[in-house]
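Chains, contacts and geometry: an overview
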Amino acid sequence: MLTIFSNNFILLFTIFVFKFITLKKSLPFFSYLFHPIFIPLLGTGFYILFSDNYYVKEQYFLLLFQVVIITFFLPFAFFYLLRTFGKVDTIMLSDASQRKIPLLMQIALTFILISKSVTVDRFPELFFFFLGGIGSTMIAFALLFAKIKASIHMIAMSALSFFVIGMSIHYELNIIYTIAALFLTTGIVATSRLAMKAHSIEELLIGYVSGMLPQVVLWVIWL
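Below is a summary of the structure that appears in this document. Just so you know, the residues in each chain are numbered from 1, in the order the chain's sequence is written. Predicted model: local features are reported for residues with pLDDT of at least 70 only, side-chain atom pairs are reported and counted for 80 or more only, and whole-chain, interface and lining totals are derived from all residues. The side-chain figures draw on all heavy atoms in the structure; neither hydrogens nor water molecules are used.

Overview of the overall build of the protein chain
Where helices and strands are cited, they refer to DSSP runs of H or I of at least four residues and of E of at least two residues respectively, numbered from the N terminus. Broken down by element type, the protein chain carries nine helices and zero strands. When the helices and strands of the protein chain are placed in sequence order, the string is α-α-α-α-α-α-α-α-α. Each residue's exposure class comes from its accessible area (1.4 Å probe, protein chains only) as a fraction of the maximum for that residue type: buried when under 20%, exposed when over 50%, partly exposed otherwise. By residue count, 48% of the 223 residues in the protein chain fall in the buried class. Areas reported here follow the Shrake-Rupley algorithm with a probe of radius 1.4 Å; residue values treat only the protein chains shown as occluding. Total accessible area computed for the protein chain in this model is approximately 11,700 Å², and 74% of it derives from carbon and sulfur atoms.

If you want it as structure tokens, here you go:
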């Protein structure tokens, strides 16, 4: 019943999104709606929705609270600190030279999260999602030294998509509409980034592969 509800909700959401993007001026909205800072929370939400770990509501609430604090509020506060000192200009980090410190900070915070809260013994699937996220962030950081500005939006969206695919395989779930909606949304976000002239097609593709690869590699361990 939960899977049917999820698929129907995603289908209706997809129809709404499709109609919304018929207005070209609406495209930049999706770069903000699916900003990478929201993806850890979305991944956690999908985990809670689809996993077979029957924790009580209080445990799920605590999990969400910890994820929000470490992956949203702390990075957001750190961004404003960097902006105050003139190290970054916008939350989109359009300049490649501004990305190094935020990426290192994200690696450190995510490592703390999987070390102290989302541990492999308590939330194994979610642990590997975040571990893959660390791998993707390290790839993006390393690419900066080659003067390649991989799309962080694409990294986040592809990581989320392949994590949900892994969940569907692991728990034998029929969530084809959810997966299709994620791929559609990824395409919309990519189009949004192109419309905003934030990335080239090559940078979007590099970002997509950088997000996908660690998730798929880690499937070997947890699937």
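Observations regarding helix α9 (residues 201–222)
In an α-helix there are 3.6 residues to a turn, and that puts residues three or four apart on one side. Here a helix's expected span is defined as the number of its residues, less one, multiplied by 1.5 Å. With 22 residues, α9 should reach 32 Å at 1.5 Å per residue; the first-to-last C-alpha distance of 32 Å fits that figure. Of the residues making up α9, those classed as buried are E203, L204, G207, Y208, S210, G211, P214, Q215, L218, W219 and W222.

A closer look at a nonpolar patch on the surface
A surface patch of nonpolar side chains, about 590 Å² in accessible area, is lined by F61, L62, F65, I69, F73 and L74. As for its position among the elements, L62 is in helix α4 (residues 57–84). Residues form patches when they are more than 30% accessible in relative terms and have no salt bridge. Like charges link within 9 Å. Nonpolar side chains (Val, Leu, Ile, Met, Phe, Trp, Tyr) link within 5 Å. One side-chain nitrogen of Lys or Arg within 4 Å of one carboxyl oxygen of Asp or Glu is enough to make a salt bridge.

Some words on the nonpolar core
The nonpolar core is taken to be a set of buried Ala, Val, Leu, Ile, Met, Phe, Trp, Tyr and Cys residues, with the residues joined through side-chain atoms within 4.5 Å. Of all hydrophobic cores here, the largest spans 45 residues; its most connected members are L63, V118, L126 and F130. At the level of secondary structure, the elements contributing two or more residues to this core comprise α3 (39–50), α4, α5 (100–116), α6 (124–144), α7 (152–170), α8 (176–195) and α9. A total of ten residues in this core trace back to one element, the largest contributor, which is α7. Among residues more than four places away in sequence, those in contact with F130 are P40, T44, V67, T71, T110, L113, I114 and V118. Grouped together as the second largest cluster of nonpolar side chains are eight residues, L103, F141, L144 and I155 included. In what follows, a contact means two residues having at least one pair of non-hydrogen atoms within 4.5 Å.

Describing the environment of G133
Structurally, the position occupied by G133 is in helix α6. Here G133 falls in the partly exposed class, since its relative accessible area comes to 25%.

As for the environment of D52
Along the chain, the position of D52 falls in the loop between α3 and α4. With relative accessibility at 40%, the residue D52 sits in the partly exposed group. Between the C-alpha atoms of D52 and Y171, which are 119 residues apart in sequence, the distance is 7.5 Å.

What to know about unusual backbone geometry
At K147, a residue that is not glycine, the phi angle is positive and equals roughly 60°. The residue K147 is located in the loop between α6 and α7 in this model. What makes K147 exposed here is its relative accessible area of 79%. The backbone phi angle of E172 is positive, close to 55°, even though this residue is not glycine. Mapped onto the fold, E172 is located in the loop between α7 and α8.

Re the packing of aromatic side chains
Two rings belonging to Phe, Tyr or Trp (six-membered ring only in the last case) form a pair when the distance between their centres is within 6.5 Å. Interplanar angles under 30 degrees mark stacking, angles over 60 mark edge-to-face geometry, and anything in between is tilted. Tallied over the full model, the rule gives 16 aromatic pairs. Centroid distance F141 to F145: 5.2 Å. Interplanar angle 80°. Geometry classified as edge-to-face. Given a relative accessible area of 55%, F145 falls into the exposed group. Among the aromatic residues, ring-to-ring pairing joins F38, F72, F73, F76, F79 and Y80 into one connected group.

A short note on α8
The terminal C-alpha atoms of α8, which comprises 20 residues, lie 28 Å apart, in line with the 28 Å expected from a rise of 1.5 Å per residue. For α8, every residue scored as buried is listed here: T178, I179, A181, L182, T185, T186, I188, V189, A190, S192 and R193. Just past α8, the residue K197 takes up positive phi, approximately 60°.

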